[in-house]
Amino acid sequence: MIVKNRKDLAAAGREVQAETWTSRRFLLAEDGMGFSLHDTTIHAGTTTEIHYQNHLEAVYCIQGSGRVQLVDTGEVFEIEAGVMYALNGNEKHLLIADTQMRMVCVFNPALVGPETHDENGVYPLLTLEEA
Ligand code: 9YT
């Protein structure tokens, strides 16, 4: 069984900081669950361009508010605490945070650990050997 406290993740090397977000990664590929599980804070007043070409992601907002805008269609989805969205079509999107947002994020396949967005908002598909 795996039990982890969010406050221990940074010291364990499982916190990744980007300009617009901080991601604390509870479960990674090495944990063998087949998905990764993150507690992610999106900084207030930011817009993040994201395009997970190699992963599916489900995001459950548990704090704050903002919106997701799909780049291809312009469709906008309002996000607040209690709302979940799943990128089941690798949709390129903007994540716009009006306030600080706290998200529980699940990735399939599991992230390995150090992944962060490249200039196109993509995470590389890493293997455990590459981490
Ligand atoms: C919602 C979202 O995708 N934010 C970017 C960070 C990502 N969720 C992560 O690595 O935790």
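These numbers come from a predicted model, not from an experiment. (Residues numbered from 1 in each chain as written. Predicted model: local features only at pLDDT ≥ 70, side-chain atom pairs only at ≥ 80, totals over all residues. Heavy atoms only, no water.)

A. Structural detail: the nonpolar core. Core analysis: the largest hydrophobic core is formed by 21 residues, its most contacted members being Ile42, Ile79, Tyr85, Leu95, Met101 and Met103. Those elements giving two or more residues to this core turn out to be strand E5 (56-63), strand E6 (65-70), strand E8 (84-87), strand E9 (93-97) and strand E10 (101-108). For this core, the element with the most residues is E10, which contributes 4 residues. In contact with Leu95, not counting residues within four places along its chain, are Ile42, Thr46, Thr47, Thr48, Ile50, Arg67, Val68, Tyr85 and Met103. (Core = buried A, V, L, I, M, F, W, Y, C linked by side-chain atoms within 4.5 Å. Buried < 20%, exposed > 50% of the residue type's maximum accessible area, 1.4 Å probe, protein only. Helix = DSSP H or I, 4+ residues; strand = E, 2+ residues; numbered from the N terminus. Contact = heavy atoms within 4.5 Å.)

B. Representation of the site of the ligand within the structure. Among the 15 residues in the neighbourhood of the ligand, the closest are listed as Ser23, Arg25, His38, Thr40 and Tyr123. Here His38 contributes a side-chain N or O atom positioned 2.9 Å from an oxygen atom of the ligand. Contact between the ligand and Tyr123: an oxygen atom at 2.6 Å from a side-chain N or O atom of the residue. Starting from 310 Å² of accessible surface for the ligand in isolation, the protein chains cover 100%. (Near = heavy atom within 4 Å. Polar contact = N/O pair within 3.5 Å; in protein donor to acceptor, adjacent residues only side chain to side chain. Areas by Shrake-Rupley, 256 points an atom, 1.4 Å probe, with all protein chains shown as cover.)

C. Up close: the state of the cysteines. As enumerated under the stated definition, the model contains 0 disulfides in all. The thiol sulfur of Cys61 is not disulfide-bonded, and the nearest other cysteine sulfur, from Cys105, lies at 9.8 Å. Among the residues examined, Cys61 registers a relative accessible area of 0% and is labelled buried. Residue classification places Cys105 among the buried positions, given a relative accessible area of 5%. (Disulfide = S-S within 2.5 Å.)

D. Expanded view of the sheet that holds E10. With antiparallel pairing, the 6 strands of this open sheet are ordered in space as E1-E2-E3-E10-E5-E8. Looking along the sheet, the strands with just one partner apiece sit at the ends: strand E1 (15-17) and E8. Taken pair by pair, the neighbouring strands of this sheet meet at an average axis angle of 20°, ignoring direction. For strand E3 (residues 36-42) and E10, the ladder comprises 7 bridges, and the chain directions are antiparallel. Each bridged residue has a counterpart across the sheet, and for Ile42 the counterpart in E10 is Met101. (Pairing = 2+ DSSP bridges. Axes fitted to C-alpha atoms, helices over the stretch in contact; angles between N-to-C directions.)

E. Just the pattern of salt bridges, in detail. If you walk through the whole model with that rule in mind, you get 9 salt bridges. Between Arg14 and Glu30 there is a salt bridge, and its shortest N-O distance comes to 2.7 Å. Remark: Glu30 occurs in the loop between strand E2 (21-27) and E3 and Arg14 occurs in the segment before E1; sequence separation between them is 16 residues. On the basis of relative accessible area, Arg14 is assigned to the buried category, the value being 7%. (Salt bridge = Lys/Arg side-chain N within 4 Å of Asp/Glu carboxyl O.)

F. Just empty space enclosed by the protein, in detail. Using the criterion set out here, one finds 1 cavity of 30 Å³ or more in the structure. Of the volumes computed, that of the largest cavity is approximately 150 Å³. For the largest cavity, the lining is made up of 19 residues, of which Thr40, Ile42, Ile50, Tyr52 and Glu57 are closest to its centre. Within the residue set of the lining of the largest cavity, elements represented by two or more residues are E2, E3, strand E4 (47-50), E5, E9 and E10. (1 Å grid on protein atoms, 1.4 Å probe; cavity = no way out; pocket = protein on both sides within 12 Å on 5 of 7 lines; lining within 4 Å. Points joined across faces, edges and corners; volume = space filled by probe spheres on them.)

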